[in-house]
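Architecture at a glance
The primary structure of each chain is shown beneath.
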Amino acid sequence: MPELPEVETIARELRPLLVGKTITRVWFDWPNQIKHPSPELFARELPGREISGVDRRAKWLVLELSGAAVLAIQVKMTGVLSVVGADEAHDRHVHVVIGLDDGRQLRLRDPRKFARLGLYQRDEAGAILGADEARELFAGFGPEPLDPGFTLRDFRRLLRARRARLKTLLMNQQFLAGVGNIYADEALWRARIHPLRSAATLRPEHERRLYQALRDVLIEAIERRGSSVDDYRAPSGRGDMQNFLNIYGRTGKPCPRCGRPTRRIVVNARSTHFCSWCQRLPARERVAAAKALLHDALRAPRRA
DNA sequence: CAACCGACCTGTTCGC
DNA sequence: TGCGAACAGGTCGGTT
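The structure presented is a predicted model; accordingly, all values stated were derived computationally and were not measured.

1. A short note on the overall build of chain A
Each helix and strand counted, chain A has seven helices and twelve strands in total. At 21 Å, chain A has a C-alpha radius of gyration in line with the 19 Å of a compact globule built from 304 residues. With 304 residues in all, chain A has 49% of them scored as buried. A separation of at least 24 residues holds for 63% of the contacts in chain A among residues at least 6 apart in sequence. Total accessible area computed for chain A in this model is approximately 14600 Å², and 50% of it derives from carbon and sulfur atoms. The positive charge centre, built from 53 side chains, and the negative charge centre, built from 36, are 11 Å apart in chain A.

2. Here's the deal with the pairing of strand β8 (residues 104-109)
It is a general feature of regular strands that their side chains alternate between the two faces of the sheet. The pairing of strand β6 (residues 80-85) with β8 spans six bridges and is classified as antiparallel. Counterpart to Val 84 in the pairing with β8 is Gln 105. The pairing of strand β7 (residues 94-100) with β8 spans five bridges and is classified as antiparallel. Paired with Val 97 across the strands is Arg 107, a residue of β8. Hairpin connection from β7 to β8: three residues lie between these consecutive antiparallel strands, with Gly 103 at a positive phi of about 85°.

3. As for the domain arrangement of chain A
On domain assignment, one finds that chain A holds domain 1 (4-121) and domain 2 (152-299). Placing the centre of domain 1 and that of domain 2 at their C-alpha centroids yields a distance of 31 Å. Each side of the interface is counted separately: domain 1 has 16 residues, and domain 2 has 18 residues. Buried area between domain 1 and domain 2, both sides added, is near 1400 Å², and the carbon and sulfur share of it is 66%. When the area that domain 1 buries against domain 2 is broken down by residue, the three leading residues are Pro 5, Glu 6 and Glu 13, summing to 35%.

4. A look at the packing of aromatic side chains
Inspection of the entire model under this criterion finds seven aromatic pairs. Look at Phe 28 and Phe 42: their rings are 6.1 Å apart centre to centre, the planes differ by 70°, and that puts the pair in the edge-to-face class. Residue Phe 28 is located in strand β1 (residues 23-28), and its partner Phe 42 is located in helix α2 (residues 39-45); the two are separated by 14 residues in the primary sequence. On the basis of relative accessibility, which here comes to 19%, the residue Phe 28 falls in the buried class. Ring pairing ties together the aromatic residues Phe 150, Phe 155, Phe 175 and Tyr 211, which thus form one cluster. One residue, Arg 224, lies across the ring of Phe 244, its end atom 3.4 Å from the ring centre. A cation over a ring is seen here: Arg 280 above Trp 277, with NZ or CZ 4.5 Å from the ring centre.

5. Examining the state of the cysteines
If you walk through the whole model with that rule in mind, you get zero disulfides. Distance from the sulfur of Cys 255, which forms no disulfide, to the nearest cysteine sulfur (Cys 278) is 3.8 Å. Between Cys 258, a cysteine without a disulfide, and Cys 275, which holds the nearest cysteine sulfur, the sulfur-to-sulfur distance is 3.6 Å. Overall, Cys 258 belongs to the partly exposed group, its relative accessible area being 24%.

6. Some thoughts on the pattern of salt bridges
Under the criterion given, the structure shown has 17 salt bridges. As a salt-bridge pair, Arg 109 and Asp 91 come within 2.8 Å of each other at their nearest N and O atoms. Taken as a pair, Arg 109 in strand β8 and Asp 91 in the loop between β6 and β7 lie far apart in primary sequence, 18 residues in all. Among the ionic pairs, Glu 207 bridges to Arg 156, the shortest N-O distance being 2.7 Å.

The rules behind the values
- Residues numbered from 1 in each chain as written.
- Chains lettered and ligands numbered in written order.
- Predicted model: local features only at pLDDT ≥ 70, side-chain atom pairs only at ≥ 80, totals over all residues.
- Heavy atoms only, no water.
- Helix = DSSP H or I, 4+ residues; strand = E, 2+ residues; numbered from the N terminus.
- Rg over C-alpha atoms; globule rule 2.2 N^0.38 Å.
- Buried < 20%, exposed > 50% of the residue type's maximum accessible area, 1.4 Å probe, protein only.
- Contact = heavy atoms within 4.5 Å.
- Areas by Shrake-Rupley, 256 points an atom, 1.4 Å probe, with all protein chains shown as cover.
- Lys, Arg positive; Asp, Glu negative; His and termini not counted.
- Charge placed at Lys NZ, Arg CZ, Asp CG, Glu CD.
- Pairing = 2+ DSSP bridges.
- Domains from an automatic or database assignment.
- Buried area = accessible area lost by both parts, 1.4 Å probe.
- Phe/Tyr/Trp six-rings, centres within 6.5 Å; stacked < 30°, edge-to-face > 60°.
- Lys NZ or Arg CZ within 6 Å of the ring centre and 35° of its normal.
- Disulfide = S-S within 2.5 Å.
- Salt bridge = Lys/Arg side-chain N within 4 Å of Asp/Glu carboxyl O.

Here it is in structure tokens:
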């Protein structure tokens, strides 16, 4: 579940616990989770490096290390990071342990082993060299929606170059960085826009509402330390935002705005929640949307 | 450019 | 009650 607000919360909470500490040892039991370089090099290169910063880019956690190195961590859906005493017990789902010189450990608990870690190098210009060396690690990512430099004008320019369904587009990291399933649904509900609406057909007023809704919901979610819908936990425990979601995961429950039941459809194999009264599709787009949904329903593997 | 698929994974939920 | 299939969803690489 972790999206922008959740990873931002992780970064903010880990920062005071990690900055100034030096890595003493590295342990992992599932080498597939080490993306770069080889697991052997990863284990050899980390010890001795001091952590100087903890930041976020899109849904990645970025630890700045001495020697212009960067430890990038993607917790994906089920990864939970915590800093605990080395003597604290851990279960079989802890797959990465990074020892620190204060006697504590940064641990990754991840039942599904989806999380990924990589150790990268910055060049003289500060760019993070990605796995293929020629490309910056975060090349191709869309803008950060909360970057003060990301204006409504920028958002409009991006939207008008696209025709895809808005739900798909908002979750596309190349289009916009950091938004996932929960906040895409929430932003569209706040902006009163149907998730299957094509980006290119939005009127200026819709664009403005969506821009504002995205920023508002992300800021509120950060203030509430993220949504602990099921697996996500901040280093300090559950967030609060799950108690303030208006549409996500509320199938059948009344829309907080109009009282009509929340509907659920599947878009790109993702649950999508919306209010069919508040989030209307223009007549000219209804036929196309109905066809797409029927297509999905027919090919869905479901037993009779 | 857009949509779709399979892969990566395993704990939980669902249908019978 | 117990079993196995389906489901959950972030991301990538490849295909349509």
